[in-house]
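Structural characterization, general
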Amino acid sequence: MKSYLELKVPIRYEDSWFSELRDLLDGVDIRWQRGYYHITMAFLDFAPDHVNLNPGLNGILDDAIAPSITFDKLDAFASGYHRQVIHLTTTEAPEDFLALVKDIRRYFLDKGCEIQSDFRLHVTLGRVQDPRMNVRKLQDIISQVDLPSFTMELKDVEYRVFRGKTLGTWQLAQ
């Protein structure tokens, strides 16, 4: 079963910087994310059906402190042939948050899960499927957006089946 653990990020599609980004990319074939913004802490390409992962996640997440992350950068990366991801990120990831992600990923691996992708702190805003675009062109356009730096305390965590139901929810301590 494919599943993932996400940290919810309460940004809004209507935020002015997000509108400015969409306006600058008008005419480009992009599937914009509408709600459900999050940081994927771990994407499990396989999780054994016979293993309940929630008790171990309870142990890790019950003691975790909600990270304060300052978002200050828009960027893009390649995601397959003629596809890119436009995302929101930070130039200074909090060390305690990175340690939490590392602990979670180690726990999943110890339980027999398979994780193929490395962790990349990002919030997906849109998926570009336009053969006229590449990462460099996107970055040039994205750099024109007036993104205000903003800090958010992120406390809501969900473990979900990929394109399916929620398997567990947690609220990190503040």
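Up top is the structure.
This text gives an overview of the structure that appears in the document.

Calculation rules
As a convention, each chain's residues are numbered from 1 in the sequence order in which they are written. Since the coordinates come from a predicted model, pLDDT governs what is reported: local features require at least 70, and pairs of side-chain atoms require 80 or more to be given and counted, while whole-chain, interface and lining totals use all residues. Note: side-chain values were computed over all heavy atoms of the structure, leaving out hydrogens and water. The way it works is that DSSP assigns letters per residue, a run of H or I at least four long becomes a helix, a run of E at least two long becomes a strand, and they are numbered from the N terminus. The globule rule is 2.2 Å times the number of residues to the power 0.38, and the radius of gyration it is compared with is taken over C-alpha atoms. Burial classification: accessible surface area is computed with a 1.4 Å probe over protein chains only, and a residue below 20% of its type maximum counts as buried, one above 50% as exposed, and the rest as partly exposed. Residue contacts are defined here by distance: any two heavy atoms, one from each residue, within 4.5 Å place the two residues in contact. The Shrake-Rupley method, run with a 1.4 Å probe, gives the accessible areas here. Residue values count only the displayed protein chains as cover. Here Asp and Glu are counted as negative and Lys and Arg as positive; His is not counted, and neither are the chain ends. Where a charge sits is defined by one atom per residue type, namely NZ (Lys), CZ (Arg), CG (Asp) or CD (Glu). Strand pairing requires that DSSP identify at least two bridges connecting the strands. Lining residues are those with an atom within 4 Å of a point, where the points come from a 1 Å grid over the protein atoms alone and group into cavities, where a 1.4 Å probe fits but cannot get out, or pockets, open sets with protein on both sides within 12 Å along at least five of seven lines. Grid points are joined across faces, edges and corners, and a volume is the space filled by probe spheres set on the points. Charged residues are taken to be Asp, Glu, Lys and Arg, nonpolar residues to be Ala, Val, Leu, Ile, Met, Phe, Trp, Tyr, Cys and Pro, and polar residues to be all remaining types, Gly included.

On to the overall build of the protein. When you go through the protein residue by residue, the secondary structure sums to four helices and ten strands. Helices and strands in the protein line up, N terminus first, as β-α-β-β-α-β-β-β-α-β-α-β-β-β. Relative to its length of 174 residues, the protein is compact, with a C-alpha radius of gyration of 17 Å against a globular reference of 16 Å. Here the protein holds 174 residues, and 47% of them are scored as buried. The contacts of the protein with a sequence gap of at least 6 include a subset with a gap of at least 24, amounting to 79%. Here the protein has roughly 9500 Å² of accessible surface; of this, 45% comes from carbon and sulfur atoms. Charged side chains of the protein number 21 positive and 26 negative; the gap between the two group centres comes to 6 Å.

With that settled, consider the pairing of strand β9 (residues 156-161). Pairing of strand β1 (residues 3-8) with β9, which is carried by five bridges, proceeds in the antiparallel orientation. Its bridge partner being in β9, Tyr 4 is matched across the sheet by Arg 160. Strand direction decides the pairing type here: β9 and strand β10 (residues 166-171), joined by five bridges, are antiparallel. Paired with Tyr 159 across the bridge in β10 is Gly 168. Taking the residues between adjacent antiparallel strands as the criterion, β9 and β10 are bridged by four residues, where Arg 163 takes a positive phi near 55 degrees.

Another aspect to go through is the layout of surface pockets. A volume near 1200 Å³ is recorded for the largest pocket. Elements represented by at least two residues in the lining of the largest pocket include exactly β1, β2 (30-32), β3 (38-44), β5 (73-78), β6 (84-89), β7 (123-128) and β9. Looking at which element gives the most residues to the lining of the largest pocket, the answer is β3, with five residues. A class-by-class count of the residues in the lining of the largest pocket yields 15 nonpolar, twelve polar and 14 charged.

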